[in-house]
Amino acid sequence: MLFDAHVHIEDRKLVKLQELKKIGCIANAASLEEYMFLRDLQKENPNFYISAGIHPWDVEKQDMSKMQSVLEDTSIVGEIGLDNVWCEVDEQLQKEIFDKQLLFAYKHQKPVILHIKGKEKIAYEMIKKYKNRYLVHWYSCYEYLEEFIRLGCWFTIGPSIAYDSSVYETAKKVPIDRILIETDGLSACAWCEKREVLLDEYPLILERSMKQIAEIRKISVASLEHIMEKNLYTFIGGEEKSF
C-alpha cells in the first residue's frame, strides 16, 4: 500500500481518490477549523491519519490555548518547527511556540512531524531535549542530516527528488527503516513542478518517487513499498509492526 506521509488536503476529491487508489496518508491540520474538516474526511479512508500543530508560519496568528484541545485530541503533532527561508515571522516567537509543542508531545508521547528550513541546527538542538519519535518532512539541506539520523528520526522524501540534489542525497543516505515519501499536497507539487498539477496526477507523483528511491537504494518498488508501510506504522504507533 502507498502512503503519503505528509499532505495538505485542499479538496475532498483528493480523499476520494486516495480511497479509490488505496493510498493512506497523514493529513496536516494547522488550525481547529482545518482539524474538524479533516476529522470529517477521515471517515472516508481507514488509512487516513491526522497530524495537527501550529506551523512556524502561523505562530503570530494562532493561539496556543485555542489549539490545546486539538493537540490533546490528535494522535500526531505537526507540522511544527522553525523557518527563516520561506517566511519572515519573528524567530523568537517561533522558538517559543515550537518548544511548547515539543514539550506537549514529549509529555504525551505523541510522534511529531517537523518543518525545519534554514534553522536545522537550532531545531536539532531543541528536539534533542525531548526524546520522541520525529519525522522530518521534505528534508532538503546538505548539513546536519547525519545528526538527525543519529537521533533516529524518520524522513519524508519530497516530490522534488528528481530536481533537488539535497533531497536526492537524503533519499540516498537515510536508513531504509526510516524513509517515507510525501507530496505535501497538490499545491506543493505544482510549486515543485512549476506547472499546474491535476488531481489525477496525484498517485503518479507518489509512484514516481517510489520508483526513483527504489533505483537509488537498488531494491524493487514492491520491497520498498512494504518497507515504507512498516516504517509508517512504526512511526505512528511506536512499535514495529510485523506483516
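Only a predicted model underlies this, so the values are computations on that prediction, with no experimental measurement involved.

J.: How should helix 7 (residues 165-173) be read in this particular structure?
T.: Count 3.6 residues to each turn of an α-helix, and residues three or four apart come out pointing the same way. Taken together, the buried positions of helix 7 are S166, V167, T170 and A171. Along the long axis of helix 7, the arc covered by the buried residues comes to 145°, so they all point the same way. Contacts made by the buried residues of helix 7 are with helix 6 (145-150), strand 7 (154-157), strand 8 (179-181) and helix 9 (202-217).

J.: Before we go on, may I ask you to explain the packing of aromatic side chains in this structure?
T.: Centre distance and the angle of the planes are the two values used to describe a pair of aromatic rings. Taken as a whole and judged by the stated rule, the model has eight aromatic pairs. With centroids separated by 6.0 Å and ring planes inclined at 75°, the aromatic side chains of W138 and W191 adopt a geometry described as edge-to-face. Note that W138 is positioned in the loop between strand 6 (134-136) and helix 6 and W191 in helix 8 (residues 186-193), a separation of 53 residues in sequence. Given a relative accessible area of 12%, W138 falls into the buried group. Here W191 falls in the exposed class, since its relative accessible area comes to 52%. Through successive ring pairs, a cluster of aromatic residues spans Y124, Y139, F148 and F155. Residue placement shows R178 over the ring face of W154; its charged tip is 4.0 Å from the ring centre.

J.: Sorry, what's going on with the packing of helix 4 (residues 91-108) against helix 5 (residues 120-127) here?
T.: In a packed pair of helices, the relevant descriptors are the angle between the two axes and the axis-to-axis distance. One can describe the packing of helix 4 onto helix 5 by two numbers: an axis separation of 11 Å at closest approach and a directional angle of 35°. Note that helix 4 runs across helix 5; the crossing there is right-handed. Counted together, K95, F98, D99 and L102 of helix 4 and I122, A123, M126 and I127 of helix 5 form the full contact between these two elements. Split into classes, the residues belonging to the contact of helix 4 with helix 5 amount to six nonpolar, no polar and two charged.

J.: I would appreciate a short explanation of a nonpolar patch on the surface in the present structure.
T.: The grouping of W57, V85, W86 and W191 at the surface amounts to a nonpolar patch, some 470 Å² of accessible area in total. Take W57: it is sitting in the loop between strand 3 (48-52) and helix 3 (64-73). Taking relative accessible area as the criterion, W57 reaches 38% and is therefore assigned partly exposed.

J.: Would you mind going over helix 2 (residues 32-41) with me for this structure?
T.: Burial in helix 2 covers these residues: Y35, L38 and L41. Taken end-on, helix 2 shows its buried residues confined to a sector of 120°, consistent with a single buried face. Against the buried residues of helix 2 lie helix 1 (12-21), strand 2 (23-29), strand 3 and helix 3.

J.: Explain the side chain of T156 to me, please; I cannot follow it from the model alone.
T.: Tracing the backbone through its elements, the reader meets T156 in strand 7. At 2.9 Å, the side chain of T156 and the backbone nitrogen of W138 are in polar contact. One polar contact links T156 to E182, side chain to side chain, over a distance of 2.5 Å. Filtering out sequence-adjacent residues up to four positions away, T156 remains in contact with A5, L135, V136, H137, W138, Y139, L180, I181 and E182.

J.: I would appreciate a short explanation of the sheet that holds strand 6 in the present structure.
T.: Each strand in a sheet pairs with its neighbour through backbone hydrogen bonds, running either in the same direction (parallel) or in the opposite one (antiparallel). Pairing within the open sheet is parallel, and its eight strands lie in the order 1-2-3-4-5-6-7-8. Of all strands in the sheet, those bounded by a partner on one side alone are strand 1 (2-7) and strand 8. Adjacent strand axes in the sheet meet at a mean angle of 25°, parallel and antiparallel pairs treated alike. In terms of strand pairing, strand 2 meets strand 3 through five bridges, oriented parallel. In the sheet register, A27 faces strand 3, and the bridge partner there is I50. Lying over the sheet, helix 5 contacts strand 4 (76-83), strand 5 (112-117) and strand 6, oriented at roughly 150° with respect to strand 5.

The rules behind these values
- Residues numbered from 1 in each chain as written.
- Predicted model: local features only at pLDDT ≥ 70, side-chain atom pairs only at ≥ 80, totals over all residues.
- Heavy atoms only, no water.
- Buried < 20%, exposed > 50% of the residue type's maximum accessible area, 1.4 Å probe, protein only.
- Helix = DSSP H or I, 4+ residues; strand = E, 2+ residues; numbered from the N terminus.
- Arc of directions from axis to C-beta.
- Contact = heavy atoms within 4.5 Å.
- Phe/Tyr/Trp six-rings, centres within 6.5 Å; stacked < 30°, edge-to-face > 60°.
- Lys NZ or Arg CZ within 6 Å of the ring centre and 35° of its normal.
- Axes fitted to C-alpha atoms, helices over the stretch in contact; angles between N-to-C directions.
- Left-handed = near helix turned anticlockwise from the far one by under 90°.
- Nonpolar A, V, L, I, M, F, W, Y, C, P; charged D, E, K, R; others polar.
- Patch = residues over 30% accessible without salt bridge, like charges linked within 9 Å, V, L, I, M, F, W, Y side chains within 5 Å.
- Areas by Shrake-Rupley, 256 points an atom, 1.4 Å probe, with all protein chains shown as cover.
- Salt bridge = Lys/Arg side-chain N within 4 Å of Asp/Glu carboxyl O.
- Polar contact = N/O pair within 3.5 Å; in protein donor to acceptor, adjacent residues only side chain to side chain.
- Pairing = 2+ DSSP bridges.

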